Amino acid sequence: MIHRRKFLSSITAASVTGPALLATPRSALAEAAERASAFVKSVGDKLVAVVNNPGSTSEKRVAMSQIINAAVDVDGIGRFCLGRFWRQCSEEQQKQYLELFHEVLITNITSKLGEYRGVTFTMGRSRPQDEEAAVSTVVMRPNNPPTAVDWIISNPATNPKIIDVVAEGTSLRLTQRSDYASYLAHNSNNVDALITAMRQQVSPKG
Amino acid sequence: MPSVPRALHSFVGAKRSLFGATLPWALAGMLAIVLASCATPPPPDDPDAVADFKQTNDPLEPTNRVFYAINNGIDTVILRPAAVAYRFVVPGVMRQGIHNVLGNLATPVQLTNDMLEGKPRRAGDTAMRMVINTTVGVFGIFDVARKWGYPDHDADFGMTLANWGVPEGPFLFLPVLGPTDPRDAIGFGVNIVLDPFTWVGAPHDTGLTVFHWTRYALTAVDARERVLDSLDQIKKTALDPYATFRSLYRQHRHGQIDDLRNDKRATVPAWFPQPKATEAQ
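Computed from a prediction, not measured in an experiment: that's the story for all the values here.

Caption draft 1: Region of the structure containing the overall build of chain A. Regarding its fold elements, chain A presents seven helices and five strands. Each helix and strand of chain A, ordered N terminal to C terminal, gives the series α-α-α-α-α-β-β-β-β-β-α-α. Here chain A holds 206 residues, and the buried ones make up 23% of them. Residue pairs in contact within chain A that sit at least 24 positions apart in sequence constitute 55% of those at least 6 positions apart.

In structure tokens:
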């Protein structure tokens, strides 16, 4: 009996407070989604401007890394990509790894710049997800089919940062994480081996 | 009436003439390698490593890597140069036209799968695409239907099986076929059976054989040309390209299957009062 009464009273309580509670978060969520959308638009415009502007590769690299460092949570993505090995690292290893991760990311992106000449994009809808927001865009490149790209934004209302890019259903950080996990699995889970490999990747020879 | 078994025989015959009598031996050898080399699971006292192993879901990894290496070799020597030459020789507009024709030839299989998936709106899109692009689009050269509001989508028997609830199974890397899983490998075979072009015409008809192999070869070169830059980029930047391809393949398939499952467009005709449920989406 007590059980049922408790249950009933909790239902009544929920039905009274429910709408009031729901009202505020929903509008806040909508606002967060709008802000995330505006953020992606402004970052996207900046990136497109750099890609399509004439200029040497090194100039573009500098401009790119400025935009990326301001708009992307590179440290967060880096920690995510190392997965369970992050906790096992020494502080020195963590520091070295993150520094290299920044460089690897920027090198990978700038090496693609040539392919992206003449790129444009259109904004799609923005969906709030917990603390994050997913903003859809369609990226168009000359002589290429349009690509659906989703941008995952953390803390969209307060301090928006890009934490993932999902192109045609494939997530940048998940792919990178599986690459590192597999490399570590085949190098006796030694993070120093990974750091050496990353260093080779960003060295001008590699 | 061209008998079905005869047509199947001719199809298998075409494959047999390519591989000759070595095919059974090759299959036996493959089986031996598969059985001989399974990935060693991590010790059970390392729960993180065990979780990783399960998530990777690639128990045949050593064998898969052998086939990855073989495929990669074949790609470097044959397919990639062919794709580079194709891009160099054939202008972009013509390549797009060829891509559209190949896509149009694949619409019967797409339509069958749309229906098997229980997606009438997708089936409607495909049927309209087939009719419009074959006629107004001149044998599928121009994708007029897309501009008229019938966009393309992916449909194959692997996706159909997924929609029916068949699990994907462990990762596989097969010769020629590349990254796949048991569900998609079966899907690949069933797609060939579902293709009306597999069954038309008399067996050993020279014109038909030429058509089939031209279509296969063009499909392969067209598909390879479209990922030329992406594959080069992955091979250059990934520390372990095999693991990267494995991850990308799975994510891409999951994305296609999610799109399929989330396509809940109503089938109510436009002139009929629309159900409210569609507005909530």
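Text resumes after the structure shown.
Caption draft 2: Just the packing of helix α3 (residues 74-82) of chain A against helix α5 (residues 91-111) of chain A, in detail. Residue and element names in this part refer to chain A. Put simply, α3 and α5 touch, their axes get as near as 10 Å, and they point 105° apart. One way to sum up the angle between α3 and α5 is to call them roughly perpendicular. Side by side, α3 and α5 meet where Val74, Asp75, Gly78 and Leu82 of the first sit next to Tyr97, Leu98, Phe101, His102 and Leu105 of the second.

Caption draft 3: Looking closely at the interface of chain A and chain B. At the interface, 18 residues of chain A touch 18 residues of chain B. Within the residue set of the side of chain A that touches chain B, elements represented by two or more residues are β5 (170-171) and α6 (172-185) of chain A. Taken together, the residues that form the side of chain A that touches chain B break down as five nonpolar, eight polar and five charged.

Caption draft 4: Highlighting the sheet that holds β5 of chain A. Taken together, five strands build an open sheet; the order of strands is β1-β2-β3-β4-β5 (chain A) and the sheet is antiparallel. Each having just a single partner strand, β1 (120-129) and β5 of chain A make up the two edges of the open sheet.

Caption draft 5: Representation of the pairing of β1 of chain A within the structure. Residues and elements named next belong to chain A. As paired strands, β1 and strand β2 (residues 132-140) are joined by eight bridges and run antiparallel to one another. Residue pairing in the sheet places Phe121 in a bridge with Val139 of β2. In textbook terms, the turn of a hairpin is the stretch between consecutive antiparallel strands, and for β1 and β2 this stretch comprises two residues, one of which, Asp130, has a positive phi near 50°.

Caption draft 6: A look at the nonpolar core. Core analysis: the largest hydrophobic core is formed by 35 residues, its most contacted members being Ala36, Val40, Ala133, Val135, Trp151, Ile153 and Tyr180 of chain A. Those elements that place two or more of their residues in this core are α1 (2-52), α3, α5, β2, β3 (147-154), β4 (161-167), α6 and α7 (191-202) of chain A. With residues up to four places along the chain from it excluded, the contact list for Tyr180 of chain A reads Cys81, Leu82 and Leu194 of chain A together with Leu239 of chain B. If you look at the next biggest cluster of nonpolar residues, it comprises 11 residues, including Val101, Ala106, Val109 and Leu161 of chain B.

Caption draft 7: Layout of helix α6 (residues 107-116) of chain B. Residue and element names in this part refer to chain B. Counted residue by residue, α6 has seven buried out of 10 residues, so it is predominantly covered. Buried positions along α6 lie against α5 (92-105), α7 (120-135), α9 (157-163) and α10 (182-194). Following α6 by one or two positions, Gly118 adopts a phi angle in the positive range, close to 70°.

Caption draft 8: Up close: unusual backbone geometry. Even without a glycine there, the phi angle at Glu168 of chain A is positive, about 50°. Residue Glu168 of chain A is classed as partly exposed on the basis of its C-beta count, with 15 C-beta atoms lying within 10 Å.

Caption draft 9: Seen up close, the environment of Cys38 of chain B. All names here are of chain B. Looking at the secondary structure, you find Cys38 in the loop between α2 (22-36) and α3 (47-56). For Cys38 and Ala162, which are 124 residues apart along the polypeptide, the C-alpha to C-alpha distance reads 26 Å. Sequence-distant contacts of Cys38, that is, excluding residues within four places in its chain, are made with Pro59 and Leu60.

Calculation rules
- Residues numbered from 1 in each chain as written.
- Chains lettered and ligands numbered in written order.
- Predicted model: local features only at pLDDT ≥ 70, side-chain atom pairs only at ≥ 80, totals over all residues.
- Helix = DSSP H or I, 4+ residues; strand = E, 2+ residues; numbered from the N terminus.
- Buried ≥ 20, exposed ≤ 12 C-beta atoms within 10 Å, placed from the backbone.
- Contact = placed C-beta atoms within 7 Å.
- Axes fitted to C-alpha atoms, helices over the stretch in contact; angles between N-to-C directions.
- Parallel < 35°, antiparallel > 145°, perpendicular 65-115°, else oblique.
- Nonpolar A, V, L, I, M, F, W, Y, C, P; charged D, E, K, R; others polar.
- Pairing = 2+ DSSP bridges.
- Core = buried A, V, L, I, M, F, W, Y, C linked by C-beta atoms within 7 Å.

No statement about biological role is implied by the geometric values presented.
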